[in-house]
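Here's the letter readout for the chains.
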Amino acid sequence: MAVKNLINLGCLFPQVGCAQFSEKPSVYACLGLKCSEFIGFSGNHAIRCLGDQNCSSNSASELPSVVDNRESSLANKLQKDLTSLPRPLSVSDFSTFPSHGSKVRVSFKGEPGSYSEDAALKAYPQCETVPCNEFEDAFKAVELWIADRAVLPIENSLSGSIHRNYDLLLRHRLHIVGEVQLPVNFCLLALPGIPLERLKRVLSHPQALAQSDNFLSKLGVVRENFEDTAGAAQLVVSKRMFDAGVIATARAAEIYGLNIVAKAIQDEPDNFTRFIILARDPIIPRTDKAFKTSIVFTLEEGPGVIFKALAVFALRDINLTKIESRPQRKQPLRVVDDSNNGTAKYFDYLFYIDFEASMAESRAQNALGHLQQEFATFLRILGSYPIDAAA
């Protein structure tokens, strides 16, 4: 029997403003199933797996039989390994499920062995990871208490911002409680015994392929896009694609039984991805270590209004580390008066800003109070959290 509770995910500092929502998120808890017993979902039901009991609901597709004894042995081993992997969650999986146990459960987008899972393990080395199909599924996993944290990419030093996650930050009421800087180290993987020269095609995420352009051009292979780097590795193993390589992590090679045929194949050695850590509740800001604060706001139309809004930080010696703008989805256009031509339409924007200051500091509180009182029509604090200085 499920027990339904309500929690209030309010603003950390209501005195500087917070968007009001008509509905509070519901949090569900399901009794009687230990986290250690959880394998996955089938429809709306959690699947148990105890001891050596086989869990057919979580099995991967059987690998095709082969004549060659060596390949047959490899196929059996890979099939056994793939069967033990948890499948990613989707929206349909989010029924009532508890988060008991001592380990932190961290949701991420992708398959086991992805770069997002590497970031989760860097933030919480002893955590239990929860793979999800989509970014929003990772948000929902935390909201519904399936996971305690979500780790999601927010920007890459080469490809820029991940706009989808900026939009989801506003749609959901989770709080940023930390960040992770992860260096990108692309490896080329292949099935055991397959040399680099035999590869005719390479599968991976479009960004991984694009950021390894020089290496792939010299190799002269066909590039095939796949939604997830680790998912591409799983496909090569399950389909036994002997002519295909995969750009993925070194951990993906260990998980799926692939060989690393080339390391550090990315075009730029200084390639980093920044991930944010999300939780249901904010952390308490401190002043004894370096903190960063993330906010989102909207402004009235007018000459120099963006300059004036940013000046509230400069006046207090607060350094801005990130500025991002996104069109408002519900009201993308704003009609303003124009003395020459009657009326004109402009895009109405949301502004996302990261700045180096803790909300425990009076200068940060005063800056946001100034911003809301004089310039902002909407202001929300997304989180105040420690800076990750170790890459």
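Residues numbered from 1 in each chain as written. Predicted model: local features only at pLDDT ≥ 70, side-chain atom pairs only at ≥ 80, totals over all residues. Heavy atoms only, no water.

Participant: Would you mind going over the sheet that holds strand S14 (residues 259–262) in detail, with residue names and values included?
Facilitator: Sheets are built from strands that pair by backbone hydrogen bonding, the pairs being arranged parallel or antiparallel. Pairing in this open sheet of 5 strands is mixed, and the strands run S12-S11-S13-S10-S14 from one edge to the other. Single-partner strands in this sheet number two, and they are strand S12 (222–225) and S14. For this sheet, the mean angle separating the axes of adjacent strands, direction not counted, is 35°. Note: strand S11 (residues 201–204) against strand S13 (residues 244–248), 3 bridges, orientation parallel. Bridge pairing in S13 links leucine 203 to valine 246. Here helix H7 (residues 229–238) sits on the sheet and contacts S11 and S13; the angle it forms with S13, its principal contact strand, is near 155°. (Pairing = 2+ DSSP bridges. Helix = DSSP H or I, 4+ residues; strand = E, 2+ residues; numbered from the N terminus. Axes fitted to C-alpha atoms, helices over the stretch in contact; angles between N-to-C directions. Contact = heavy atoms within 4.5 Å.)

Participant: Lay out the packing of aromatic side chains in plain terms, naming residues and giving numbers.
Facilitator: A full pass over the atoms with the stated rule returns 5 aromatic pairs. Arranged with centres 5.6 Å apart and planes meeting at 85°, the rings of tyrosine 115 and phenylalanine 186 form a pair that is edge-to-face. On the criterion of sequence distance, the pair formed by tyrosine 115 in helix H2 (residues 115–123) and phenylalanine 186 in the loop between strand S9 (175–183) and strand S10 (187–190) is long-range, its members being 71 residues apart. Taking the relative accessible area as the measure of exposure, phenylalanine 186 reaches 5% and is therefore buried. Between tyrosine 349 and phenylalanine 351, the aromatic rings sit 6.5 Å apart at their centres with planes inclined by 45°, giving tilted as the arrangement. With relative accessibility at 32%, the residue tyrosine 349 sits in the partly exposed group. The exposure class assigned to phenylalanine 351 is buried, which follows from its relative accessible area of 14%. A cation over a ring is seen here: lysine 109 above phenylalanine 135, with NZ or CZ 5.4 Å from the ring centre. Arginine 280 extends its terminal NZ or CZ atom over the ring of tryptophan 145, reaching a point 3.7 Å from the ring centre. (Phe/Tyr/Trp six-rings, centres within 6.5 Å; stacked < 30°, edge-to-face > 60°. Buried < 20%, exposed > 50% of the residue type's maximum accessible area, 1.4 Å probe, protein only. Lys NZ or Arg CZ within 6 Å of the ring centre and 35° of its normal.)

Participant: Mind laying out the packing of helix H3 (residues 135–143) against helix H4 (residues 163–171), listing which residues take part and the relevant values?
Facilitator: Where H3 contacts H4, the two axes come as close as 10 Å, and the packing angle between them is 30°. For the element pair H3 / H4, the angle class is roughly parallel. Seen along the crossing, H3 lies across H4 with a hand that is right-handed. Taken together, the residues of H4 that come into contact with H3 (itself represented by Phe135, Glu136 and Phe139) are Arg164, Asn165, Leu168, Leu169 and Arg171. A per-class count over the contact of H3 with H4 returns 4 nonpolar, 1 polar and 3 charged. (Parallel < 35°, antiparallel > 145°, perpendicular 65-115°, else oblique. Left-handed = near helix turned anticlockwise from the far one by under 90°. Nonpolar A, V, L, I, M, F, W, Y, C, P; charged D, E, K, R; others polar.)

Participant: Tell me about the confidence of the model for the chain, residues and numbers included.
Facilitator: Close inspection of predicted coordinates is inappropriate in any region flagged by low pLDDT. Overall, the prediction assigns the chain a mean pLDDT of 78, with 69% of residues at 70 or greater. Residue range residues 1–68 is modelled with pLDDT below 50. Its contacts to residues more than four positions away, or to other chains, number 134 contacts. (pLDDT = per-residue confidence, 0-100.)

Participant: Give a detailed account of the pairing of S9, specifying residues and quantitative values.
Facilitator: Most of S9 is tucked away, with 8 of its 9 residues classed as buried. Across 8 bridges, S9 lies against strand S15 (residues 272–279) in antiparallel orientation. Opposite glutamate 179, over in S15, you have isoleucine 276 as the bridge partner.

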